[in-house]
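Letter by letter, the chains look like this.
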Amino acid sequence: QVQLVQSGGGLVQAGGSLRLSCAASGLAFSGYVMGWFRQAPGKERDFAAAITWSGSYTFYADSVKGRFTISRDNARNTVYLQMNSLKPEDTAVYYCGVTIDVYNNYGRYAYWGQGTLVTVSS
């Protein structure tokens, strides 16, 4: 059974940094994409970043490009989201997910982590 376990998150002040982790288990092949989405209170879940499991192609939303970096560790079956220069508008619950389809549409993701809250104070 596929499971995604997230760690990281917390409370930081504007301009600070956080690193999120997402450890996957139960995946039988490497031809998939892992992505990060975020959902602020009362808002829709929006795409943030994604990475292919093989080839290391990365994709970013314009809102995080230049500040966030997605990476992966194949040996640990883990994907990371390094978040720098955080802004109050980055405050959201962050979710990692797995898809073999479209990387920037949350409806295409088959599996999700439990989510972790990131709060950025102004």
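None of these values were measured; they are calculated from a predicted model.

**Notes on the nonpolar core**
So, step 1. Met 34, Trp 36, Leu 81, Met 83 and Tyr 94 are the most contacted members of the largest nonpolar core, which has 33 residues in total.
So, step 2. Secondary structure elements with two or more residues in this core: strand E3 (18-25), strand E4 (33-39), strand E5 (45-52), strand E7 (68-73), strand E8 (78-83), strand E9 (92-99) and strand E11 (116-121).
So, step 3. Sequence-distant contacts of Leu 81, defined by excluding residues within four places in its chain, comprise Leu 18, Arg 19, Leu 20, Trp 36, Ala 49, Phe 68, Thr 69, Ile 70 and Tyr 94.

**Focus on unusual backbone geometry**
So, step 1. The backbone of Asn 77 shows a phi angle near 50 degrees, a positive value even though the residue is not glycine.
So, step 2. Along the chain, Asn 77 falls in the loop between E7 and E8.
So, step 3. Located in the positive-phi region is Ser 85, a residue other than glycine, with phi close to 50 degrees.
So, step 4. Along the polypeptide, Ser 85 turns up in the loop between E8 and E9.

**Observations concerning the packing of aromatic side chains**
So, step 1. Across all of its chains, the model carries 8 aromatic pairs by this definition.
So, step 2. Their ring planes at 65 degrees and their centres at 5.5 Å tell us that Phe 47 and Tyr 103 sit as a pair that is edge-to-face. Taken as a pair, Phe 47 in strand E5 and Tyr 103 in the loop between E9 and strand E10 (111-112) lie far apart in primary sequence, 56 residues in all.
So, step 3. Chaining the aromatic ring pairs together yields one cluster made of Phe 37, Phe 47, Phe 59, Tyr 95, Tyr 103, Tyr 109 and Trp 112.
So, step 4. One residue, Arg 45, lies across the ring of Tyr 95, its end atom 3.8 Å from the ring centre.

**Brief notes about the sheet that holds strand E1 (residues 3-7)**
So, step 1. Pairing is antiparallel in the open sheet, where 4 strands are placed in the order E1-E3-E8-E7. Of all the strands in the sheet, just E1 and E7 have a single pairing partner and so form its edges. Strand-to-strand twist of the sheet, defined as the mean angle between neighbouring strand axes without regard to direction, takes the value 15 degrees.
So, step 2. Of the strand pairs in this sheet, E7 and E8 are connected by 6 bridges, and their pairing is antiparallel. Directly across from Arg 72, in E8, lies its bridge partner Val 79.

The rules we used
- Residues numbered from 1 in each chain as written.
- Predicted model: local features only at pLDDT ≥ 70, side-chain atom pairs only at ≥ 80, totals over all residues.
- Heavy atoms only, no water.
- Core = buried A, V, L, I, M, F, W, Y, C linked by side-chain atoms within 4.5 Å.
- Buried < 20%, exposed > 50% of the residue type's maximum accessible area, 1.4 Å probe, protein only.
- Helix = DSSP H or I, 4+ residues; strand = E, 2+ residues; numbered from the N terminus.
- Contact = heavy atoms within 4.5 Å.
- Phe/Tyr/Trp six-rings, centres within 6.5 Å; stacked < 30°, edge-to-face > 60°.
- Lys NZ or Arg CZ within 6 Å of the ring centre and 35° of its normal.
- Pairing = 2+ DSSP bridges.
- Axes fitted to C-alpha atoms, helices over the stretch in contact; angles between N-to-C directions.

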